[in-house]
Amino acid sequence: MKTVFNIVLVLCAAALIYICYSSIMGPINFEKAKKEREQAVIARLIDIRKAQQEYRSLHHGMYTEHFDTLIDFVKNQKLPFVMKVGQLTDKQLEDGLTEKKAMAIINKAQKTGKYDEVKKWGLENFKRDTMWVAVMDTVYPKGFNPDSMKYIPHGNGAIFEMNVKNDTAKSGAPVFLFEVKAPYETYLGGLDKQEIINLKDLNEKLGRYSGLMVGSIDNPNNGAGNWE
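Rules behind the numbers
- Residues numbered from 1 in each chain as written.
- Predicted model: local features only at pLDDT ≥ 70, side-chain atom pairs only at ≥ 80, totals over all residues.
- Heavy atoms only, no water.
- Helix = DSSP H or I, 4+ residues; strand = E, 2+ residues; numbered from the N terminus.
- Buried < 20%, exposed > 50% of the residue type's maximum accessible area, 1.4 Å probe, protein only.
- Contact = heavy atoms within 4.5 Å.
- Pairing = 2+ DSSP bridges.
- Axes fitted to C-alpha atoms, helices over the stretch in contact; angles between N-to-C directions.
- Polar contact = N/O pair within 3.5 Å; in protein donor to acceptor, adjacent residues only side chain to side chain.
- Core = buried A, V, L, I, M, F, W, Y, C linked by side-chain atoms within 4.5 Å.
- Expected span 1.5 Å × (residues − 1).
- Arc of directions from axis to C-beta.
- 1 Å grid on protein atoms, 1.4 Å probe; cavity = no way out; pocket = protein on both sides within 12 Å on 5 of 7 lines; lining within 4 Å.
- Points joined across faces, edges and corners; volume = space filled by probe spheres on them.
- Nonpolar A, V, L, I, M, F, W, Y, C, P; charged D, E, K, R; others polar.

1. A closer look at the overall build of the chain
Logical step 1: Scanning the chain for helices and strands turns up eight helices and five strands.
Logical step 2: The order of helices and strands in the chain, counted from the N terminus, is α-α-β-α-α-α-β-α-β-β-α-α-β.
Logical step 3: Looking at the 228 residues of the chain, the share that counts as buried comes to 32%.
Logical step 4: In the chain, once contacts between residues fewer than 6 apart in sequence are set aside, the share between residues at least 24 apart is 63%.

2. Looking at the side chain of Arg49
Logical step 1: With respect to the secondary-structure elements, Arg49 resides in helix α1 (residues 2–57).
Logical step 2: With near-sequence residues (within four places) excluded, Arg49 lies in contact with Phe178, Val214, Gly223, Ala224, Gly225 and Glu228.

3. A look at the sheet that holds strand β4 (residues 174–183)
Logical step 1: Here we have three strands laid out as an open sheet, ordered β3-β4-β5, and antiparallel in their pairing. The two strands at the open ends of the sheet, each matched to only one other strand, are β3 (161–168) and β5 (211–215). With direction set aside, neighbouring strand axes in the sheet form an average angle of 20 degrees.
Logical step 2: Here five bridges tie β4 to β5, and the two strands are oriented antiparallel to one another. For Glu179, the partnering residue across the bridge sits in β5 and is Gly215.

4. A short note on the side chain of Glu179
Logical step 1: Tracing the backbone shows Glu179 in strand β4.
Logical step 2: A distance of 3.2 Å separates a polar side-chain atom of Glu179 from the backbone nitrogen of Ile217.
Logical step 3: Those residues within four positions of Glu179 in sequence are excluded, and the remaining contacts are Glu161, Met162, Asn163, Met213, Val214, Gly215, Ser216 and Ile217.

5. As for unusual backbone geometry
Logical step 1: Positive phi, normally seen in glycine, also occurs at His154, with a value near 65 degrees.
Logical step 2: Among the secondary structure elements, His154 is positioned in the loop between α6 (135–138) and β3.
Logical step 3: You will see that Asn156, though not glycine, has its phi angle at about 55 degrees, which is positive.

6. A look at the pairing of β3
Logical step 1: The pairing of β3 with β4 spans eight bridges and is antiparallel. Counted as the bridge partner of Asn163 is Glu179 from β4.
Logical step 2: Count of turn residues in the β3/β4 antiparallel hairpin: five residues, of which Gly172 carries a positive phi of about 95 degrees.

7. Examining the nonpolar core
Logical step 1: Grouped together as the largest cluster of nonpolar side chains are 35 residues, with contacts concentrated most on Met149, Phe160 and Val180.
Logical step 2: Contributions of two or more residues to this core are made by α1, α2 (67–76), β4, α7 (184–187), α8 (193–206) and β5.
Logical step 3: Looking at which element gives the most residues to this core, the answer is α1, with eight residues.
Logical step 4: Residues Leu88, Met103, Ile105 and Ala109 belong to the second largest nonpolar core, which totals ten residues.

8. What about α8?
Logical step 1: Given a rise of 1.5 Å per residue, 14 residues ought to cover 20 Å, and the 20 Å separating the end C-alpha atoms of α8 matches this to within 8%.
Logical step 2: Of all the residues in α8, the buried ones are Ile196, Leu199 and Asn203. The buried side chains of α8 occupy one side of the element, clustering within an arc of 60 degrees when seen end-on. In α8, the exposed positions angled more than 90 degrees off the buried face are occupied by Lys193, Glu204 and Lys205.
Logical step 3: Among the residues of α8, the N-terminal cap falls to Asp192, whose side-chain oxygen and the backbone nitrogen of Gln194 are separated by 2.9 Å.
Logical step 4: A positive backbone phi angle near 70 degrees is found at Gly207, which sits one or two residues after α8.

9. Section: helix α4 (residues 99–112)
Logical step 1: Here α4 contains 14 residues, and its C-alpha end-to-end distance of 20 Å stays within 8% of the 20 Å for a straight helix at 1.5 Å per residue.
Logical step 2: Along α4, the positions that sit buried rather than exposed are Ala102, Met103, Ile105, Ile106 and Ala109. Along the long axis of α4, the arc covered by the buried residues comes to 155 degrees, so they all point the same way. Opposite the buried face of α4, at more than 90 degrees from it, the exposed residues are Lys100, Lys108 and Lys111.
Logical step 3: A positive phi of about 80 degrees marks Gly113, the residue just after α4.

10. A few points about the layout of surface pockets
Logical step 1: Taken as a whole, the largest pocket encloses approximately 220 Å³ of empty space.
Logical step 2: Mapped by element, the contributors of at least two residues to the lining of the largest pocket are α8 and β5.
Logical step 3: Of the residues belonging to the lining of the largest pocket, the class tally is seven nonpolar, four polar and two charged.
Logical step 4: Estimates place the volume of the second largest pocket at around 170 Å³.

Distances and angles like these do not, on their own, reveal function.
This is the structure we're talking about:
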């Protein structure tokens, strides 16, 4: 009887130790897995932000709300890249010369064949040539796959929610905004459900989005991420 009692005590002690261990390590393991998954999601959001910013530069400040359009842009579009040779001196700047004026003088000389004004301003070695280079070659590292851009890492094929807003400020100036979101439930799926619920409750109390996002169509933030 005493032996049975001792065995029960050992089993109870083991169970208690396991419960204590789980209560301590559970949140730690969840936080570790959460951090690893968030790093992957953040990297993808940054890739999307880069694409939107470059897209905007060639589309009158507007963003696109369609991933297919954005992916096609990254795959096939080219961006202007200015090759610069020479810099304006302080004296030239003080005399009212700007890069735009300098290039106008040079372009005029090239058309007319008269370089007197070029020499007068000391622009013999001043050049600005525009080259067009592929988005894929300038914005992203070698091997980047633009087709994967719309998918949320660890999301089992789920796609980011992307929205844009075209508006006009009181001054009449156009306002173009975008946002891309990935909720906790999507990229933390498979982890401790109670921890996810606790995380969502905390963010709701703080008035924050329950997940990761970049940009905002409600509060202009210049494309910042909510982790920054």
